[in-house]
Amino acid sequence: ALAAFAPVPLGADCGDAGDLIRAVPYYWSPAAAAAAKAGGVDAVLVSSATGMLGLPFLTRLPSFANTKVYVTELAARIGKLMMGELMEMHSEFVRYYGLDTDGSPKWMQGEKLHKLLSSLQNIVIEDEGMDLAPLMPLYSAPNLEECMRKTQTVKYGEEVCFNGMLMLKASSSGLELGNCVWSIKGPRASITYLPSTLFVSAHALDCDYNSLKENDIILFSDFSSLNVMDENNENLGENAMVCDDSLLRADGVDEDEYVQCLSKNDDIAEEIERISFICSCISDAIKSGGSVLIPIGRLGVILLILEHISETLLSSNMKVPIFMISDAAEKIISFTNAVPEWLCKPRQEKLFSREEEALFGHVELLKEGRLFLFPHLYSKGLLVEGALHCILSRLEP
């Protein structure tokens, strides 16, 4: 819903906001609304740091007093920082517009609301009509702390028992640091929830293929990787498996062949190719005297981009400052170099064999004074340093 709200004006001149709403934003959380109607749930399994952004909407509900939340240790750390970042951004709206103390804000009763619901209907809701229950104000700092107290963190491969009946286990999904596939084993059946997955990753620990074996049910929630393989193919069934279909026959085929087939995909090559293309565009912009703004959502992607940008600038003999803007920038950058057990094997091996002093290239960039961390766009040091052309990356919750 944030896209329907105008950014906080930087000065006295507000300009023309068009159809955008000039007010403190409300947020769209259909999961929280559904849970409230259902009277709560027994447990929540979080598969990514970004998945934690909506968690306090749930845990602040009275019916969630006894709900247990499970998430990997790293996803919990990153998720808490992202939630803090979201709250910091939200506080800028509150400082400018003030708190709503008279119940529902005025825009929820006029044409602006109708346009907001129309845009949401086109994006995320199809059959929910004009139900306003999922539209709610952001959680508070006490809500966030309460949410974290209800959270039980786990490591990859660690089994935890829920309610004396179910065994829960998180395994790496390969997509991002701390992201996981959840396996649930009970006395009568076993279920695996399979979110967005990369079998081979350039930074995160590779997907644990073994976690998908011997399950009665696999809940597969994301076909985006298949769509990328062949965007023009309207028949998804033809691309439902990337393996040679001869391997799908159970005629005594060695199971290792399945694993090799799944690991043969070019996930790393495709990801690096996209990042290299971005770096070439950055180089062209800098050479023409311009600056570059990069909004980043996935943490692992920004760490890879920083490495490749550094190599691109060195090879082109360009001295350009790189600014990372985030209220949590320093904390994120510091702990990402201390989590080897969550990273892919090649990065672990380089560190343990002393080929590299750090897990990611941003450490050298900081030492050499080429990467600068600032909490806000209006930070004093940034305004001075950023007078020249630069590369600016902004973490987006």
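Predicted, not measured: the structure shown is a model, and the values here were computed from it. Residue numbers restart at each chain and count upward from 1, following the sequence in its written direction. Local features are withheld for residues below a pLDDT of 70 in this predicted model, meaning they are given only at 70 or higher, and side-chain atom pairs are given and counted only at 80 or more; totals for whole chains, interfaces and linings count all residues. Hydrogens and waters are ignored; side-chain quantities use all the structure's heavy atoms.

A short note on the pairing of strand β7 (residues 166-172)
So, step 1. Each pair of strands is called paired provided DSSP finds at least two bridges between the two strands. For the purposes of this entry, the term helix denotes a DSSP run of H or I that reaches at least four residues, the term strand denotes a run of E that reaches at least two, and both are numbered from the N terminus. As judged from the four bridges shared by strand β6 (residues 159-162) and β7, these two strands associate in the antiparallel manner. When the sheet's bridge partners are listed, E159 is paired in β7 with K169.
So, step 2. Connecting β6 to the antiparallel partner β7 that follows it, the hairpin turn spans three residues, and N163 within it adopts a positive phi of roughly 60 degrees.
So, step 3. Relative to strand β8 (residues 180-185), β7 is paired through six bridges, and the arrangement is antiparallel.

A word on the confidence of the model for the chain
So, step 1. pLDDT measures the predictor's confidence residue by residue and takes values from 0 up to 100. Taken over all residues, the pLDDT of the chain has a mean of 79, while the share at 70 or more is 79%.
So, step 2. Throughout, a residue-residue contact means that at least one pair of heavy atoms, one from each residue, lies within 4.5 Å. The model gives residues 226-252 a pLDDT under 50, and that stretch makes 21 contacts with residues more than four places away or in other chains.

Points about the packing of aromatic side chains
Given two aromatic rings, their pairing is described by the distance between the two centres and the angle made by the two planes.
So, step 1. Working definition: a ring pair exists when centres of Phe, Tyr or Trp rings (six-membered ring for Trp) sit within 6.5 Å. Plane angles under 30 degrees give stacked, over 60 give edge-to-face, the rest tilted. Here the structure, examined in full by the defined rule, presents seven aromatic pairs.
So, step 2. Seen from their ring centres, F57 and Y139 are 5.1 Å apart, and the 65 degrees between their planes marks the pair as edge-to-face. With F57 in helix α2 (residues 55-59) and Y139 in the loop between β4 (135-136) and α5 (141-149), this residue pair connects regions lying 82 residues apart in the sequence. Judged on exposure class, the residue F57 and its partner Y139 are both buried.
So, step 3. Ring plane angle 55 degrees and centroid distance 5.8 Å describe the contact between F323 and F374, whose orientation is recorded as tilted. Note that F323 is positioned in strand β12 (residues 322-325) and F374 in strand β13 (residues 371-374), a separation of 51 residues in sequence. For the pair F323 and F374, a shared accessibility class is recorded, and that class is buried. For each residue, the accessible area found with a 1.4 Å probe, counting protein chains only, is set against the maximum for its type, and the residue is called buried under 20%, exposed over 50%, and partly exposed in between.

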